[in-house]
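Each chain, letter by letter, is given below.
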Amino acid sequence: MLRTILLGPPGAGKGTQADRIVEKYNVPHISTGDIFRANIKNGTELGKKAQEYMNKGELVPDDLVVEIATDRLMQDDCKEHGFLLDGFPRTVYQAEKLDEFLAGQGLKLDTVIDLEVAEDVLMKRLTGRRVCKACGASYHIVNVPPKQEGICDKCGGELFQRADDNEETAKNRIDVYNNETAPLVDYYEKAGNIAKIDGAAPLEETFASIVSALGE
Ligand SMILES: [Zn+2]
């Protein structure tokens, strides 16, 4: 049983570490994006409400985000195994509501995991991705380079950099994350309930640090 949150900027390697945590602790990975999509696809009342805001190009209000997330946490798999939250909470208000929700059930969070990576490393990771125009295969100029620069190993197609991966967009994504999440890190620090993990270390080392923070 594990109840935790995975925090970390874009490029911190959250996806990879989340997969490892799910595998080791047998815990459902609750990503905000996934639960929003599921509610909208299934046409739930919560999904319809969220869709109205999204159609207007407005942010889904905190209270509705909390409702959608806690509704997911009420399902059997979370009751049995706990949860690894990813993308929720995103604000201090949401974090307070999550604590209230858990307290109402006599539960509390385990250690929150914060993956820390220096900005220059994040920039290298985020801007190094190259995608094949023909088959969509994904490469990384540092981590997963193609055999021949600019050419897809699989189909010989031309590799390009997606607009999302350019410097300006990458910097903006990091800034948005920092502005949004810094207060959240403070919140869990005050509660003495956060472990700052070096996300720039090799994958296995980072995962070992996570396990040592969460306990076997
Ligand atoms: Zn290709």
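Read on for an overview of the structure. (Residues numbered from 1 in each chain as written. Predicted model: local features only at pLDDT ≥ 70, side-chain atom pairs only at ≥ 80, totals over all residues.)

Bringing the nonpolar core into the picture now. Side chains that are nonpolar tend, in soluble globular proteins, to be buried together. Grouped together as the largest cluster of nonpolar side chains are 36 residues, with contacts concentrated most on Leu-7, Ile-68, Ala-69, Leu-84, Leu-85, Val-112 and Ile-113. Per-element tally for this core: the top contributor is helix 4 (residues 62-73), with five residues. Discounting chain neighbours no more than four positions away, the residues touching Val-112 are Thr-4, Ile-5, Leu-7, Tyr-188, Asn-193 and Ile-194. (Core = buried A, V, L, I, M, F, W, Y, C linked by C-beta atoms within 7 Å. Buried ≥ 20, exposed ≤ 12 C-beta atoms within 10 Å, placed from the backbone. Helix = DSSP H or I, 4+ residues; strand = E, 2+ residues; numbered from the N terminus. Contact = placed C-beta atoms within 7 Å.)

Another point: the packing of helix 4 against helix 6 (residues 92-104). At their nearest, the axes of helix 4 and helix 6 sit 10 Å apart, and the two run at 40 degrees to each other. Comparing the axis directions of helix 4 and helix 6 gives the class oblique. The two elements helix 4 and helix 6 meet at a crossing, and its hand is right-handed. Packed against helix 4, whose contacting residues are Asp-62, Val-65, Val-66 and Thr-70, the element helix 6 presents Tyr-93, Gln-94, Lys-97 and Phe-101 at the interface. A breakdown of the residues in the contact of helix 4 with helix 6 according to their chemical character gives four nonpolar, two polar and two charged. (Axes fitted to C-alpha atoms, helices over the stretch in contact; angles between N-to-C directions. Parallel < 35°, antiparallel > 145°, perpendicular 65-115°, else oblique. Left-handed = near helix turned anticlockwise from the far one by under 90°. Nonpolar A, V, L, I, M, F, W, Y, C, P; charged D, E, K, R; others polar.)

A separate point is the sheet that holds strand 2 (residues 29-31). Spatially, the five strands line up as an open sheet ordered 2-3-1-4-8, and their pairing is parallel. Strand pairing shows two members of the sheet lacking a second neighbour, strand 2 and strand 8 (194-198), which therefore form its edges. Taking each pair of neighbouring strands and ignoring which way they run, the sheet shows an average axis angle of 25 degrees. In this structure, strand 1 (residues 2-7) lies alongside strand 4 (residues 112-116), joined through two bridges in parallel fashion. (Pairing = 2+ DSSP bridges.)

With that settled, consider the sheet that holds strand 7 (residues 159-160). The strand order 6-5-7 describes an open sheet built from three strands, whose pairing is antiparallel. The open sheet terminates on both sides in strands that have one partner only, identified here as strand 6 (138-140) and strand 7.

Note on placement: Gly-8 falls in the loop between strand 1 and helix 1 (14-25). Among the residues examined, Gly-8 registers 22 C-beta atoms within 10 Å and is labelled buried. Linking Gly-8 and Arg-129, residues 121 residues apart in sequence, is a C-alpha distance of 19 Å. In this structure Gly-8 touches Lys-14, Asp-114, Leu-115 and Gly-199, once residues within four positions along its chain are discounted.

In this model, Phe-88 is joined to Pro-89 through a cis peptide bond whose omega is -10 degrees. By secondary structure assignment, the location of Pro-89 is in the loop between strand 3 (82-86) and helix 6. One non-glycine residue, Asn-26, lies in positive phi territory at about 55 degrees.

This brings us to helix 9 (residues 203-214). Look at helix 9: 17 Å from first C-alpha to last across 12 residues, which is about the 16 Å you get at 1.5 Å a residue. One or two residues past the end of helix 9 sits Gly-215, with phi positive at roughly 90 degrees. (Expected span 1.5 Å × (residues − 1).)

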